[in-house]
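Structural overview for review
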Amino acid sequence: MRVSKYVSIFALCLMAASCNSKKEAVQSSGIDLANLDTTALAGGDFYQYACGGWMKSHPLTAEYSRLGSFDLLAENNVKQLQGLIEELAQKKDQAPGSVAQKIGDLYNLAMDSVKLNSDGVTPIKAELEALAGLKDKSEIYALIPQFYKKGIYPYFALYISADDMNSSMNIIQTYQGGLGMGERDYYLENDEKTKEIRAKYQEHMAKMFALAGYDADATQKAVKAVMGIEMRLAKAARSQVELRDPHANYNKADLATLKQTYAPFNWDAFFAAADLKAVKEVNIGQPNAIKEVCAVINTVSLEDQKWYLQWNLINSAADYLSDAFVAQNFEFYGKTMSGTQEMKPRWKRAVNNVDGALGEAVGQMYVQKYFPAAAKERMVELVKNLQTSLGERIEAQEWMDAATKVKAKEKLAAFHVKIGYPDKWKDYSSLDIKKDSYWANMERANLWGYKEMMAKAGKPVDKDEWLMTPQTVNAYYNPTTNEICFPAGILQYPFFDMNADDAFNYGAIGVVIGHEMTHGFDDQGRQYDKEGNLKDWWTADDAKKFTERTAVMVDFFNKIEVAPGVQANGQLTLGENIADHGGLQISFNAFKKVMAAKPLAKETGFTPEQRFFLAYANVWAGNIRPEEVLRRTKLDPHSLGRWRVNGALPHIDAWYEAFNITEKDPLFVPKEKRVSVW
Ligand SMILES: [Zn+2]
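From a predicted model like this one, the values you see are computed outputs, not experimental measurements.

Rules of the game
Residues numbered from 1 in each chain as written. Predicted model: local features only at pLDDT ≥ 70, side-chain atom pairs only at ≥ 80, totals over all residues. Heavy atoms only, no water. Axes fitted to C-alpha atoms, helices over the stretch in contact; angles between N-to-C directions. Helix = DSSP H or I, 4+ residues; strand = E, 2+ residues; numbered from the N terminus. Parallel < 35°, antiparallel > 145°, perpendicular 65-115°, else oblique. Left-handed = near helix turned anticlockwise from the far one by under 90°. Contact = heavy atoms within 4.5 Å. Domains from an automatic or database assignment. Buried area = accessible area lost by both parts, 1.4 Å probe. Salt bridge = Lys/Arg side-chain N within 4 Å of Asp/Glu carboxyl O. Polar contact = N/O pair within 3.5 Å; in protein donor to acceptor, adjacent residues only side chain to side chain. Nonpolar A, V, L, I, M, F, W, Y, C, P; charged D, E, K, R; others polar. Pairing = 2+ DSSP bridges.

1. Observations concerning the packing of helix α20 (residues 502-519) against helix α23 (residues 608-619)
Here α20 crosses α23 at 40°, and the two axes come no closer than 7 Å. Regarding the angle of α20 to α23, the classification is oblique. Our pair here, α20 against α23, has a crossing hand that is right-handed. Mapping the contact onto sequence places A503, F504, Y506, G507, A508 and V511 in α20 and P608, R611, F612, A615, Y616 and V619 in α23.

As structure tokens, then:
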């Protein structure tokens, strides 16, 4: 699943962290009063009001930079996966080549600290030496795809996915990259915090090179070389906000144009090494980034590029080597960048990595044991009701003309819905898991994923493929297939509860379903038609009105102060904020309809409408470290949990009615200033 990070799917919440789980007392209303802090005012700080009790009883532990109620669910999933995986790992003599042998052996290697520590840097030693022995820059072109096959992406990334302008066909695509810190802002911004992270990155690199056996002099040269190259790549990279423009990311070139425009670069050697034959066209996601790669390869000394390539290898392999490497890796990426105090225990890291390498094999066992058929049935009904509701909401929009409404409803009717798990599973029979080393197996697992992806080049898009594993606690919308996907992992408390009433389930998973549906109509998704093509189906006037209406959302979030002196990024989070807004509107509308047929009573002191909004807020209950607030504000297109509640609800009329919020309340937004779209 390494590749899907380049595909522009719009997920609900990424990068889940987790913690020790505690069985929540679930009432038939689904609302746990212990989650609330009723000393807070609903109209003053609804997040505190709805989630204050939860936040107090779930303090951050050393292992987490953020701990939310859905992270607890993810934590529970990890324990379930551990049970499944360990059962296989403990049995000796699994049939060679069976999935059980592969999962079991990989897990045992990940857990074998004695072997990992005695191996030290050995698993990558020969590769490092080969890189140090490069004789000529011309070798780099064929070397880059050799890195891709190991799951490492120096200079830039290559992937295969749907052609935005011809969505039924796959096309070869490139994406900017090659940065050890992942995001260009860490290289370019000059506030104190960023400067400190940049300095620590260099210290970190030096320590890693030292662990890999280099002396102080070599280490110093290496750090300088890597920073020089990464700084150039960062300067040529687009910002997170710029990357949200699908048209700007679409720059299809035939082979002749490619060779002429992005030069000098030995594309023939590159494609041959990438196992791509008869390449006719490529989509260059970010042209300036690739032009700079050409310039870097040509102008930077071979010596410096050797250091850069060695750093890419060390950095990617670190988590699969000895404890010293793993600890130093955590020191920078966990502690410095995210504020996490303590590494996850070995078994959790092992489960996550086995899950990453053999995702659908693990997923198949997971759904057999943990996903009840009844959950799928109820989800099918919820999705159907939400789909009807969105149709009604589209029809009710006064600012949109009839022509655009017809197209919008066609797109809605064409949604491809995936629930629980895929109909056909990935086949891991060609993946060998051997007893040589943990890293060697991760290389083979990445090679397997690489081959699977490359086999798609120039072929029709497989619309039945899943871009998340079924055990994932998340959901997504994919614009090029016009699909919404809800893996089994998310269909549990606090999102979904078979034993809870409609107020709870519409407030929690209902809003999630509506959120994903609305992605088809957010500032990015609306640019794709019902076939998944990047083709404008809006009248010019309606497009203008949409932009004006969503500008209210951008301004509102831009004014939110997430930390002293730090504002939220309304442009970066626009798509997700529109999706939350639409999700709330659509699900509440659907909820009122089922209530009309099947009324609910007041329970635990709250009306059904109030419980809808409490269930919604409780999904986002969480604690977070200051470092993580800054990191996510830089790169996460989702608003922080607090603002998915306190920023979203003041634009929902029904919330004002449910809690009797008036102009005297701090969260009050006058009706004419509220966002009104979908
Ligand atoms: Zn989303």
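2. Thoughts on the domain arrangement of the protein
As assigned here, the protein comprises domain 1 (1-18 + 61-111 + 344-424 + 464-678) and domain 2 (125-321). Computed from C-alpha atoms alone, the centre-to-centre distance between domain 1 and domain 2 is 32 Å. Counting residues at the interface gives 23 residues for domain 1 and 24 residues for domain 2. Buried surface at the junction of domain 1 and domain 2, summed over both partners, amounts to about 2,200 Å²; 57% is from carbon and sulfur atoms. Where domain 1 meets domain 2, there are two salt bridges. Note that K634 and E189 form a salt bridge whose closest N and O atoms lie 2.8 Å from each other. If you look at where domain 1 meets domain 2, you find 11 residue pairs in polar contact (both at pLDDT 80 or more). Elements that contribute at least two residues to the side of domain 1 that touches domain 2 include exactly α22 (574-597) and α24 (626-635). Partitioned by chemical class, the residues of the side of domain 1 that touches domain 2 number nine nonpolar, nine polar and five charged.

3. A look at the sheet that holds strand β3 (residues 156-163)
With mixed pairing, four strands are arranged side by side in an open sheet as β3-β4-β6-β5. Among the strands making up the open sheet, the edge pair consists of β3 and β5 (252-254). Mean inter-strand twist for the sheet, computed between neighbouring axes without regard to direction, equals 35°. Pairing of strand β4 (residues 166-176) with strand β6 (residues 281-284) involves three bridges; the strand directions are parallel. Considered in β6, the bridge of Q173 is made with N283.

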